[in-house]
There are 2 protein chains.
Amino acid sequence: MALVVQKYGGTSVATPELIRRVAERIVSRHKQGHRMVVVVSAMGDTTDDMLALANKVSSRPPDREVDMLLACGERISMSLLAMAVQDLGVAAVSLTGGQSGIITDAVHRKARILDLKPDRLLEELHKDQVLIVAGFQGVTTDAEETTLGRGGSNLTAVALAYALKADVCEMNTDVDGIYTADPRVVPEACKLSVVTPDEMLELASAGARVLQSRSVEFAKKYGVVIHVRSSFNENPGTLIKEVEEMEEVVVRGIAHDLGEAKITMRHVPDRPGVAARLFGPLADKNINVDMIIQNTSEAGSTDLSFTVGKTDLDRALEVCQGIRAELGADEVVADAQIAKISVVGVGMRSHAGVAAGMFQALAAANINIHMISTSEIKISCVVGQPDAEKAVRALHAAFKLDKSS
Amino acid sequence: MALVVQKYGGTSVATPELIRRVAERIVSRHKQGHRMVVVVSAMGDTTDDMLALANKVSSRPPDREVDMLLACGERISMSLLAMAVQDLGVAAVSLTGGQSGIITDAVHRKARILDLKPDRLLEELHKDQVLIVAGFQGVTTDAEETTLGRGGSNLTAVALAYALKADVCEMNTDVDGIYTADPRVVPEACKLSVVTPDEMLELASAGARVLQSRSVEFAKKYGVVIHVRSSFNENPGTLIKEVEEMEEVVVRGIAHDLGEAKITMRHVPDRPGVAARLFGPLADKNINVDMIIQNTSEAGSTDLSFTVGKTDLDRALEVCQGIRAELGADEVVADAQIAKISVVGVGMRSHAGVAAGMFQALAAANINIHMISTSEIKISCVVGQPDAEKAVRALHAAFKLDKSS
């Protein structure tokens, strides 16, 4: 008999029929004797539909009112799911973020959790009820409603798992776990039984968009065990937790990301302050820069390359063109046809040679490397987009990941 | 410069375009120097759509969860309307029922207001903002959300007008005022510039479904002046308020109601307790009985007739058949083809002869009367449904209402 926090995403509750199916899953676990706390996202495209409505009534919808609007999405699904569970004969109650004691700051649309006051949740749990909690939302100490930003329902689930000392936090998604590579690209890809939070963070930022980084960071910091599994079957998925005895595993998985573009400023004079002068204005415009590489190409000048999300490319180029002359750069060139391929594994911390193995495998497949970036547990290479799938398959084979578990 | 509470119904905010139009109306009043508090209903058919969803996930949606669900309807429209007002350059903030201090009991789906704590509203008003309040909802002292029942947004508006000591409570609807009769039936019907709350209550219960009775009762009790007007033009509508100097006006208007059906229990033994034995079980089944007439038809027995809503007819007949034998009645007969025609006016209190005038007018039009019921300011006759429109026109002419104002 465990205390289980479950989270269901929008695709899992997109229709009344799916809501009834989720209710059956919850009830079946409840009948096994588990105490269930279920965090739910808005149905299907509700959030996007609401944003579209907002943009029809306002040229620039204010964040505070957008939060008031969006918070309804999760309230709708939570009340419907609570009805469906009760209809199966099991007591259930839905609770908003505020009623669940999720206290946030007042930064609308990307509020941060300040405190967790699970008194009401504990009280309702003692009545042997299933609790259905609206994800993605919280409340300030002034009773203002807030939302936690994209993927915030995952954060809600992890935070409640921590506050309630749950045995596990199950993320029910449309994939059935974390794989050694994207199975659509590598048919031999294996589902991993366990990854560490650090690996998950690197895999997420490297393009394996199963879990939002904030929820994994929270889980890592507070020791919450996450179980990523499918909403549509009962198969075990992938546990995200710290593992002591896994030093022999060097590489955990291969991630690829087609969502970035590369910008190069050519022949920038090599003097102090250049990088600050460039990346300050980009940050001011909320443009996230991922990889940054600086190569001295000839005496006194350097090529400065970096990657940004493809959707930010035009705005980033505008910034670069605006300060090109001031920086003394020759020209600004962009390349949107790139892919970032990453090899991830905590074992790299104590094993040398992974980088070399990666470069050899790519060379053997005749794939040119544009950029390289390394962290303690990850090596990323930017290659041409047409080479992306070939690169993932070559690396998956080279590191023998088809034998993982 | 006045403090104006406005209420907009669901049809007035059914689409983003209509929301923008309502925002323009609000802003134009604000720019005239008025302080605006706007109560809004859910967009168009939102509430019905949500109930349909609830019925898809549950065979019997529990009231508490239905309230959680339905309250989102007004939250969505309030946030969109606040966005639209801000987009026109005027500061605005949306507030839920709870944030507006509408404290109710915990009877879900038909909660009653227990207390009004307008502190937050007053605070926001002092910032020279337009306030947009979600109608139809409140909150219990345990932070549980409730809804006030059908037409609850009107009640919200009247309650806030009272709590804020507003100068007027404007009900913006799809009709532009209260008429001496339904203009679709009587082309000469006149818009009334004023009616008393008592007249409005009788007109409402007699079939003129412009305002929910609860909101008029609240307004009467607490002296709130209501202005019923159109959402779609700037014409003055009808004021609902007490008027001293209107004794010369005898009849204010003619209402008709096609929504009732008549049941007669024939030859019920005339002994004490019969009515209680019949109407007790009907009340237990939440069947509202309107008119009740008892005629002694022959020695020792009586015919008992009453009207119920057409939608309750089958259930009411079931109850009657169930106790017919016990009561000793000969038979139960029903007639759904009836219409209730009512003549309403506070002047009747001090003027005799209205009933006689009504019966004469109906006789002159060759219309047979099935049932008669009177109150201090109303006389209602049940006639055959085919005679309904002819009866309304005959009475409108007989009481010279085409000259009203």
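Another aspect to go through is the overall build of chain A. Assigned secondary structure in chain A consists of 11 helices and 20 strands. With respect to the principal axes defined by its C-alpha atoms, chain A has extents near 75 × 55 × 35 Å. In chain A, the proportion of contacts linking residues at least 24 apart, taken out of those at least 6 apart, comes to 75%.

This paragraph deals with the relation of the copies chain A and chain B. For the pair chain A and chain B, the superposition axis carries a translation of 0.0 Å, the fit reaches an RMSD of 0.1 Å, and the rotation angle comes to 180 degrees. What the rotation and shift describe, once combined, is the action of a two-fold rotation axis. Taking C-alpha positions as reference, the residue of chain A nearest the rotation axis is A:C72, located at 2.8 Å. A shared binding surface is used by both copies, with 100% of the interface residues of chain A retained as interface residues in chain B.

Next up on the list: the nonpolar core. One finds A:V38, A:L81, A:I132, B:V38, B:L81 and B:I132 to be the most contacted residues of the largest nonpolar core, which totals 242 residues. Residues from two domains meet in this core; each of domain 1 (3-174) and domain 2 (244-405) of chain A gives at least three. Setting aside residues no more than four positions away along its own chain, A:V38 makes contact with A:Q6, A:Y8, A:I26, A:L81, A:V130, A:L131, A:I132 and A:V133.

Residue and element names in this part refer to chain A. Taken together, 8 strands build an open sheet; the order of strands is β3-β6-β2-β1-β9-β11-β12-β10 and the sheet is mixed. With partners counted over all chains shown, the strands left at the sheet margins are β3 (92-95) and β10 (194-195), one partner each. In this structure, strand β1 (residues 3-8) lies alongside strand β2 (residues 35-40), joined through 6 bridges in parallel fashion. When the bridges of β2 are listed, V4 appears paired with M36.

Moving on, we get to the packing of helix α6 (residues 197-205) of chain A against helix α7 (residues 213-222) of chain A. Residues and elements named next belong to chain A. In contact at an axis separation of 9 Å, α6 and α7 are set at 170 degrees when each is read in the N-to-C sense. Taken together, the axis directions place α6 and α7 in an arrangement best described as roughly antiparallel. Residue-level inspection shows P197, M200, L201, A204 and S205 of α6 in contact with α7, the latter providing S213, V216, E217, A219 and K220. A breakdown of the residues in the contact of α6 with α7 according to their chemical character gives 6 nonpolar, 2 polar and 2 charged.

Each side of the interface is counted separately: chain A has 27 residues, and chain B has 27 residues. Sorting the residues of the side of chain A that touches chain B by element identifies α1 (16-31), α2 (46-57) and α3 (63-87) of chain A as the ones contributing at least two each. Here the side of chain A that touches chain B is built from residues that sort into 16 nonpolar, 6 polar and 5 charged.

How big an interface is tends to be expressed through the accessible area that disappears when the partners come together. Domain boundaries assigned for chain A yield domain 1 (3-174) and domain 2 (244-405). Between the C-alpha centres of domain 1 of chain A and domain 2 of chain A there is a distance of 36 Å.

The rules behind each value
Residues numbered from 1 in each chain as written. Chains lettered and ligands numbered in written order. Predicted model: local features only at pLDDT ≥ 70, side-chain atom pairs only at ≥ 80, totals over all residues. Helix = DSSP H or I, 4+ residues; strand = E, 2+ residues; numbered from the N terminus. Contact = placed C-beta atoms within 7 Å. Least-squares fit on C-alpha atoms with pLDDT ≥ 70 in both. Core = buried A, V, L, I, M, F, W, Y, C linked by C-beta atoms within 7 Å. Buried ≥ 20, exposed ≤ 12 C-beta atoms within 10 Å, placed from the backbone. Domains from an automatic or database assignment. Pairing = 2+ DSSP bridges. Axes fitted to C-alpha atoms, helices over the stretch in contact; angles between N-to-C directions. Parallel < 35°, antiparallel > 145°, perpendicular 65-115°, else oblique. Nonpolar A, V, L, I, M, F, W, Y, C, P; charged D, E, K, R; others polar.

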